[in-house]
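Inside the fold
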Amino acid sequence: KVEKSGQTDARWFNAMGEIALLEKQFSVGARYFRQALEATEDPIYALNLGNALFYAGEFSAAQKVLASYNEKHPEDIHGLVNLVNCHLHLSELDAVKSLCNSGLASQYTKAPLWNCLGQREYLMGNHANAWDYFDKAYGDSPEYIDALFNRGNMAYKLGRMDEAMADFTLCLRKDENFIAAQLNIAVIHLERGEWGMGKSAAQRCLELEPDSVEARYVYGRLLFGSKEFRGARDAFRSALKAAPDHVPTLLALSKLHIQEAESEAAGLLLRRVLLARSLEPEERLAALTLLVEMGQHQQCIQALTRWTTPDMPLELRKILIFCQWKLGKIKEALEQLDNLVKQEGETGETLTLLGRMLFQSGAEDLAVARYQKAMELDPGCLAAGFELARIHMARGDGRKALKVLQTLSQLHPDDADCFYNLACCQAKNHNFDDSLQYLKSAIDKGFQDLEKINADEDLSGIRQFPAYSQLASQTGML
């Protein structure tokens, strides 16, 4: 109404800008604040303009506005902190340190500046130092929830999950609508396999922000983990409807399609991932790993053709070598692997891969030597140990195979595959009681391939025993 009456002024422009910010139309807000500032020189309008530009992602423009504001109003902690945040987003970390130290030497409230220094340390990869700064910020001002939240994030990065959970829970006590803290709680439950509590936390996120793509994605992951595959599919599709190129959801839905033997659908999604413009290295690696799992080795090679060998990241080069090997291109794979070993040095992983290639090429003794060298470098190398034990068993030397597997089981007491291989080894050695005990341990530790257990020829010797029938009945194999 005011606009139609022609009575607009600087206050009206500022009010319209604030409405635009509430509606998250940050560029629109910036335009209104700039008009307000042109009409009347007012520090509030300048501060609002800087904030709007910052939220619009125009960090350089925001930095210029806020630097000018800070020169005129050096006493305003809000302007200083906002300016520091611009430098953080521009990765101008020396400026962050200088401004924060200058502020700490004055009479400013210290908590926001400790918090900014913590964020600087985080960007530098110094997570322990970041934790200390966030702890100082929260200790200085316990009501400063941002520092508490950031401290929780650092605890998570450092693997201190109980402390992270405690901080995020305290965030919610201070602000029950703090969606970021609620979402992080859901993520921790997800990583712990606490599906029920995780789903409750994710559902609360969706109540607070129904359109949150991240909340839908995490909720889908929790449903997937609890084997509610239909619900997980719906959650992932809902997330993709809101954000069609959300890579984590595309990867998660691909895994679900693979789980449900829907290879074509999974392949289409993974191709979308690999065509994404801004793809993080770990996301590309995850997509290629899933393609390998599906047996799409040629597609992996095609996806990696844009790199010349010296420039290709090591993890991706390992996938290329593996795919070449699986396609029978042994010579090319061995050449690539030789270059990789020269660059990276001998590791358990590279030696195991080399051993597999040599074995496939008929050089069994050379393969055994590589597996043994891999285990000398890394006594807990499961892949090398399993391959070495398999060769010992094929040669009729069950004692050597058992020794290898028992060493691995001591180093990996919770590895289900290790105990399954021990069960097979003991059955082949005619130690049937031990085989049954190891098989039960494997199932207790999470071995889920019941069809493999029923069909594995190595276990044929124990299927005649009542204890096997009882175990089969308890686990659903029968």
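Our subject is the structure that appears above.
Report follows, based on the coordinates. (Residues numbered from 1 in each chain as written. Predicted model: local features only at pLDDT ≥ 70, side-chain atom pairs only at ≥ 80, totals over all residues. Heavy atoms only, no water.)

**Let's talk about the overall build of the protein**
Put simply, the rule reads: Per the convention used, a helix needs a DSSP run of H or I reaching at least four residues, while a strand needs a run of E reaching at least two, with both numbered from the N terminus. Residue exposure (1.4 Å probe, protein chains only): buried if accessible area is under 20% of the type maximum, exposed if over 50%, otherwise partly exposed. It only takes one pair of heavy atoms within 4.5 Å for two residues to be counted as in contact.
When you go through the protein residue by residue, the secondary structure sums to 29 helices and zero strands. Overall size of the protein, expressed as C-alpha extent along the three principal axes, is 95 × 50 × 45 Å. By the burial criterion, 45% of the 478 residues in the protein qualify as buried. Excluding contacts between residues fewer than 6 apart, the proportion of contacts in the protein whose partners are at least 24 apart in sequence is 47%.

**Points about the packing of helix α8 (residues 111-123) against helix α10 (residues 145-157)**
Stated precisely, the cut-off is as follows: Structural elements are reduced to axes, namely lines fitted to C-alpha atoms, with helices fitted over the stretch in contact, and the angle between N-to-C directions of any two is expressed from 0 to 180 degrees. We call two directions roughly parallel when the angle between them is under 35 degrees, roughly antiparallel when it is over 145, roughly perpendicular when it lies between 65 and 115, and oblique otherwise. Less than a right angle of anticlockwise turn of the near helix away from the far helix marks a crossing as left-handed, whereas a clockwise turn marks it as right-handed.
The N-to-C vectors of α8 and α10 enclose an angle of 25 degrees; their axes lie 10 Å apart at closest approach. The orientation of α8 with respect to α10, classified from their angle, is roughly parallel. Handedness of the α8/α10 crossing: left-handed. Where α8 approaches α10, its residues N115, Q119 and Y122 are matched on the opposing element by D146, A147, N150, M154 and K157.

**A few points about the nonpolar core**
To be explicit about the condition: The term nonpolar core refers to a set of buried residues drawn from Ala, Val, Leu, Ile, Met, Phe, Trp, Tyr and Cys, joined through side-chain atoms within 4.5 Å.
Counting 101 residues, the largest nonpolar core has V84, L113 and L288 as its most contacted members. Residues contacting V84, with those up to four places away along its chain left out, are V96, L99, C100 and C116. Ranked by size, the runner-up nonpolar core spans 49 residues in total, among them C381, I391, C418 and F419.

**A few points about the packing of helix α26 (residues 416-428) against helix α27 (residues 432-444)**
Their axes nearest at 8 Å, the elements α26 and α27 cross at an angle of 165 degrees. Taken together, the axis directions place α26 and α27 in an arrangement best described as roughly antiparallel. For the crossing formed where α26 meets α27, the hand is left-handed. On α27, the residues that touch A416, F419, Y420, L422, A423, Q426 and A427 of α26 are F432, D434, S435, Y438, L439, S441 and A442.

**What to know about helix α16 (residues 247-259)**
Here is the rule: Here, expected helix span is obtained from the residue count minus one, scaled by 1.5 Å.
The end-to-end C-alpha separation of α16 is 18 Å, in line with the 18 Å expected for 13 residues at 1.5 Å each. Considered for burial, the residues of α16 that qualify are V247, T249, L250, L251, A252, L253, S254, L256 and H257. For α16, the secondary structure elements touched by its buried residues are α14 (213-225), α15 (229-242), α17 (263-274) and α18 (281-293). Directly beyond the C-terminal end of α16, a positive phi value near 60 degrees is found at A261.

**Examining the environment of E3**
Relative to the helices and strands, E3 resides in helix α1 (residues 2-5). For the pair E3 and E176, spaced 173 residues apart in the sequence, the C-alpha separation amounts to 38 Å. Discounting residues that sit within four places of it in the chain, E3 has contacts with T8 and W12.

**Side note on the side chain of Q324**
Assignment of secondary structure puts Q324 in helix α20 (residues 314-326). Here Q324 is in contact with I301, K329, E332, A333 and Q336, once residues within four sequence places are set aside.

**Re unusual backbone geometry**
A negative phi angle is the norm for most residues apart from glycine, just as the trans form is the norm for most peptide bonds. The phi torsion at K24 lies on the positive side, around 60 degrees, for a residue other than glycine. Among the structural elements, K24 can be located in the loop between α2 (10-22) and α3 (26-39). The backbone of A261 shows a phi angle near 60 degrees, a positive value even though the residue is not glycine. Relative to the helices and strands, A261 is located in the loop between α16 and α17. Among the residues examined, A261 registers a relative accessible area of 64% and is labelled exposed.

**Description of the packing of aromatic side chains**
Defined as follows: In summary, the pairing rule links any two rings of Phe, Tyr or Trp, Trp by its six-membered ring, whose centres are within 6.5 Å, and it sorts them by plane angle into stacked for under 30 degrees, edge-to-face for over 60 and tilted for everything else.
The final tally for this structure, using the stated rule, is 13 aromatic pairs. Here the aromatic rings of F149 and F178 are separated by 5.0 Å at their centres, their planes lie at 35 degrees, and the arrangement is tilted. Within this pair, whereas F149 is found in helix α10, its partner F178 is found in the loop between α11 (161-174) and α12 (179-192), the two being separated by 29 residues in sequence. For the residue pair F149 and F178, the accessibility class agrees, reading buried in each case. Ring centres 5.4 Å apart and planes at 65 degrees place the aromatic pair F322 and W325 in the edge-to-face group. Note that F322 and W325 are positioned in helix α20 at a spacing of three residues, about one turn of the helix.

**A closer look at the pattern of salt bridges**
Filter applied, for reference: Basic side-chain nitrogens of Lys or Arg form a salt bridge, by our definition, when they fall within 4 Å of a carboxyl oxygen of Asp or Glu.
Following the criterion strictly, the structure yields 20 salt bridges and no others. One network of salt bridges, in which partners are shared, links D135, R151 and D167.

**Considerations on α27**
Relative to the 18 Å expected for 13 residues at 1.5 Å per residue, α27 spans 18 Å between its end C-alpha atoms, a close match to the ideal helical length. Those residues of α27 that fall on the buried side of the exposure criterion are F432, S435, L436, Y438, L439, S441, A442 and I443. Where α27 is buried, its residues meet α25 (398-411), α26, α28 (450-455) and α29 (466-475).

**Considering the state of the cysteines**
The condition that has to hold: The definition used for a disulfide is geometric: two cysteine sulfur atoms within 2.5 Å.
Summed over the entire model, instances satisfying the criterion amount to zero disulfides. Summary of cysteine pairing: C418 is not part of a disulfide, and the nearest cysteine sulfur, belonging to C425, is at 11 Å.

**Quick word on the environment of S141**
Quick reminder of the rule: In protein, a polar contact requires one atom able to donate a hydrogen and another able to accept it; more generally it is a pair of N or O atoms within 3.5 Å, and residues adjacent in sequence count only if both atoms are side-chain atoms.
Among the structural elements, S141 can be located in the loop between α9 (127-140) and α10. Ignoring any residue separated from it by four or fewer positions in sequence, one finds S141 in contact with T109 and A111. A polar atom in the side chain of S141 sits 3.3 Å from the side chain of D140.

**Thoughts on the environment of A427**
Structurally, A427 is set in helix α26. When the C-alpha positions of A427 and L37 are compared, they lie 83 Å apart, and in sequence the two are 390 residues distant.

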